[in-house]
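# Structural overview
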Amino acid sequence: MYRGIQFTTETRPSPVARRPSSAVAAAVNQAVTPRTATLLAFLVPFLAYLLTLSPTVYNLDSAEMTTAAYNLGLMRATGYPLYLLLGKLFSLIPVGDVGYRLNLMSAAFGALTIALIYRIALRLAGRASLALPAALFLGFSYYFWSQAVIAEVYTLHTALMAALILLLLHWREGHASRLLGLIAWLYGLSFGNHMATVLLAPGIAAFVLMAEGRGLLRWQRLIPLAGAFALGLSVYLYLPLRYLAAPAFNYVGHFDASGRFIPADLTQPAELWKLITGAPFQGDMFAYALAELPHEIGLFIYRLWGNFLSVGLLPGLIGLVALWRRERAPGLMLALMFLANAAFYINYRVVDKETMFLPVYLVWALWIAVGLRVLYEWAAETLKTADEGRRAAVVVGLRALLALMIVLALLINAPRVDVSHDRRARDLAEALLRRVEPNAIVLGWWASIPPMQYLQIVEGWRPDVVLINRWLISYPDMLQLIATQGQSRPIYFVEFDGSLVKHATIIPANGAYRVWPLENPHPSAEGREQARRNLQR
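Values in this document were obtained by computation on a predicted structure and should not be read as measured data. (Residues numbered from 1 in each chain as written. Predicted model: local features only at pLDDT ≥ 70, side-chain atom pairs only at ≥ 80, totals over all residues. Heavy atoms only, no water.)

## As for a nonpolar patch on the surface
Heads up, the condition is: In this analysis, a patch consists of residues with relative accessible area above 30% that form no salt bridge, clustered at 9 Å for like charges and at 5 Å for the nonpolar side chains Val, Leu, Ile, Met, Phe, Trp and Tyr. Throughout, the Shrake-Rupley method with a 1.4 Å probe supplies accessible areas, and for residues the shown protein chains are the sole cover considered. In what follows, salt bridge is the name for a side-chain nitrogen of Lys or Arg lying within 4 Å of a carboxyl oxygen of Asp or Glu. Only DSSP runs of H or I reaching four residues or more are called helices, and only runs of E reaching two or more are called strands; each is numbered from the N terminus.
On the surface, Leu401, Leu404, Val407, Leu408, Leu411 and Ile412 cluster together to form a nonpolar patch covering roughly 530 Å² of accessible area. With respect to the helices and strands, Leu408 occurs in helix α19 (residues 388–417).

In structure tokens, the structure reads:
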């Protein structure tokens, strides 16, 4: 009978592993050494990510992050200073263009996440040959893989989360104050990549208090930990310092009716607080009515089911229960991390939140590892009276089943996440910048403007053109911009906006729209034809 989860090191097998009844699990475990498996857990997914990596700048948030990191600029809420600093380092790697280098950063931290997940799973499940498939299953899952091939903050977030969990498990073994200080510093630093780090707090606090007790609450212990945490948070000093440097790329502010960008003063505490707490998005938090939540919960379960190809649900559930019953401190920590992230994002009204559940999938992968251990021990107990040939056949069959699980994830998800030939964002941006007239103002949304800003700021394209993300200009100011600036310089909209028909003359041409203010005499036929030729060059 399986008697509990054992925390083990790679040099000391668990008591469970030494029992004769665990012959099946022991035989499988000997096939892969922990150090070799750690290397495999990094290199195998990293190679897969390289083969499916976007070759240049991607669209939407990726283009914004790439340009901001290269320029050491300022992004929208919540600022992401740690990501920008690390992204700047990756932008210096002499391979591909800058867009590719920031995509490579996501691949590197994605692979690091999987290696760390393997190490955590090894401690929780005690078997390298069980921990490795669980880690790789996460690495080749759809949502995780999709974020490892484009410039995004999520794989860095999961790498930091996994590092915190692994360090906490290390700390519990020896209760070293210095290691707990390192954890406090890393936790503070993690906020500089993603404010969702706050959702890890309940799990971390519960784990530390269960391991340390009330002794941790003495001020002699709390003050050094608070200092280490504040030192990690000091990465946010990047934001006011870069504001003072007036970087070319700045999404913290707004455009006025003249087309001039007015930056928010990040030396003012109120403005800095608005940025780092995500004030523009607070209306989307906990935004669903009670009657809407069952549908969102259903979508969450469906995504979890699909992310692990349905076969990961049963071992994950088994692992959840087993870890909770046998190792309450890590069981509670992971459960609280899972619940906090799931509850927040289920009730977060944004269109792209499916990728924000990566911390939930990370926890589930750890539960899968524990669940696999339970199933192996059950098989060992069931077969302990069987002959050697039958036990060997079961070992081979179980190994084949785990391998098949990984192969299926690869075969199913690789075509879905492969963006290695996707140059659409760059191609569109290049085409538009080539066609617009000198000194033009170009307005558009997230899919169009950030890639053009990348070409302009990173690669030096068309410095005469003013690029305005419509998210950064109010509608009244935009109409005033058309009415005033449209009299002296060409104005283009990348995406058609039917509401402008009442306020402007619009000429569609080859995927873009030239706009004149209604107050002006309508452009002549020759003027219209010239605009079309400019856009079709």
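## What to know about the pairing of strand β7 (residues 512–517)
Filter applied, for reference: Summary of the burial criterion: residues with accessible area below 20% of their type's maximum are buried, those above 50% are exposed, and those between are partly exposed, where the area comes from a 1.4 Å probe applied to protein chains only. Strands were regarded as paired on the criterion that DSSP finds at least two bridges between them.
Counting buried positions along β7 yields 6 of 6 residues, so the element is predominantly enclosed. Of the two faces of β7, the one holding Ala512, Arg514 and Trp516 and the one holding Tyr513, Val515 and Pro517 are both buried throughout. Where strand β6 (residues 504–509) and β7 come together, 6 bridges link them in antiparallel fashion. Across the sheet, residue Ala504 finds its bridge partner in β7, namely Pro517.

## Thoughts on helix α22 (residues 475–485)
Put simply, the rule is: Should any heavy atoms of two residues lie within 4.5 Å, those residues are considered in contact.
Of all the residues in α22, the buried ones are Met478, Leu479, Leu481, Ile482, Ala483 and Gln485. Buried-residue contacts for α22 involve β3 (441–444), β4 (466–469), β5 (491–493), β6 and β7.

## Here's the deal with the pattern of salt bridges
Applying the stated criterion across every chain, the model contains 19 salt bridges. Two residues, Arg76 and Glu64, come together in a salt bridge whose shortest N-O distance is 3.0 Å. Pair noted here: Arg76 is in the loop between α4 (61–71) and α5 (81–91) and Glu64 is in helix α4, with a separation of 12 residues, a long-range link. A salt bridge links Arg470 to Asp497, with the shortest nitrogen-to-oxygen separation between them at 2.7 Å. Here Arg470 is found in the loop between β4 and α22, whereas its partner Asp497 is found in the loop between β5 and β6, with 27 residues between them in sequence. The buried category is assigned to Arg470, whose relative accessible area is 9%. Look at Asp497 and you get buried, because its relative accessible area is 15%. Several salt bridges converge on common partners, so that one network encompasses Asp97, Arg426, Glu430, Arg434 and Glu459.

## Details of the packing of aromatic side chains
As a reminder, the rule being used: In summary, the pairing rule links any two rings of Phe, Tyr or Trp, Trp by its six-membered ring, whose centres are within 6.5 Å, and it sorts them by plane angle into stacked for under 30 degrees, edge-to-face for over 60 and tilted for everything else. Only Lys NZ and Arg CZ are tested; either one counts as a charge over a ring when it is within 6 Å of the ring centre and within 35 degrees of the ring normal.
Summed over the entire model, instances satisfying the criterion amount to 29 aromatic pairs. With a centroid separation of 4.8 Å and an interplanar angle of 15 degrees, the aromatic rings of Phe249 and Tyr251 are classed as stacked. In this structure Phe249 comes out as buried when scored by relative accessible area, which is 1%. Feature note: the residues Phe286, Phe300, Phe338, Phe344, Tyr345, Tyr348, Phe357, Trp364 and Trp367 constitute an aromatic cluster, connected by ring pairs. Here the basic side chain of Arg76 rests over the ring of Trp446, its NZ or CZ set 5.2 Å away from the ring centre. One Lys or Arg, Arg514, reaches over the ring of Tyr492 and ends 5.7 Å from the middle of that ring.

## What to know about the environment of Asn341
Worth spelling out the cut-off: Contacts described as polar in this section are N or O atom pairs within 3.5 Å, which, within protein, must combine one atom able to donate a hydrogen with one able to accept it, while residues neighboring in sequence count only if both atoms come from side chains.
Mapping Asn341 onto the fold places it in helix α17 (residues 328–346). As for Asn341 and Tyr118, which are separated by 223 residues in sequence, their C-alpha atoms are 21 Å apart. Within the local environment of Asn341, its side chain forms a polar contact with the backbone oxygen of Met337, the two atoms lying 2.9 Å apart.

## Points about the sheet that holds β4
Strands pair in a sheet through their backbones, by hydrogen bonds, and they do so in one of two ways: parallel or antiparallel. The condition is simple: Here, axes are lines fitted to C-alpha atoms. For helices the fit covers the stretch in contact, and angles between N-to-C directions go from 0 to 180 degrees.
Judged by pairing direction, the sheet is mixed, and its 5 strands sit side by side in the order β4-β3-β5-β7-β6 without closing on themselves. Only two strands of the sheet have a single partner each, and these edge strands are β4 and β6. In this sheet, neighbouring strand axes are inclined to one another by 25 degrees on average, regardless of whether the strands run parallel or antiparallel. Where β3 meets β4, 4 bridges bridge the pair, whose relative direction is parallel. Residue Val442 lies in a different strand from β4, and its bridge partner there is Leu467. Where helix α21 (residues 449–458) meets the sheet, it contacts β3 and β4, and its direction lies at approximately 145 degrees from that of β4. On top of the sheet, α22 reaches β3, β4, β5, β6 and β7; it is set at about 145 degrees to β5, its chief contact.

## A closer look at unusual backbone geometry
Note that the residue after Ala77, namely Thr78, is joined by a cis bond; omega there is 15 degrees. Mapping Thr78 onto the fold places it in the loop between α4 and α5. The backbone phi angle of Phe286 is positive, close to 50 degrees, even though this residue is not glycine. Within the element layout of this structure, Phe286 appears in the loop between α14 (269–276) and α15 (293–307). Its identity is not glycine, yet Arg462 carries a phi of approximately 40 degrees, on the positive side. Assignment of secondary structure puts Arg462 in the loop between α21 and β4.

Such coordinate-based values are descriptive only and should not be taken to indicate function.
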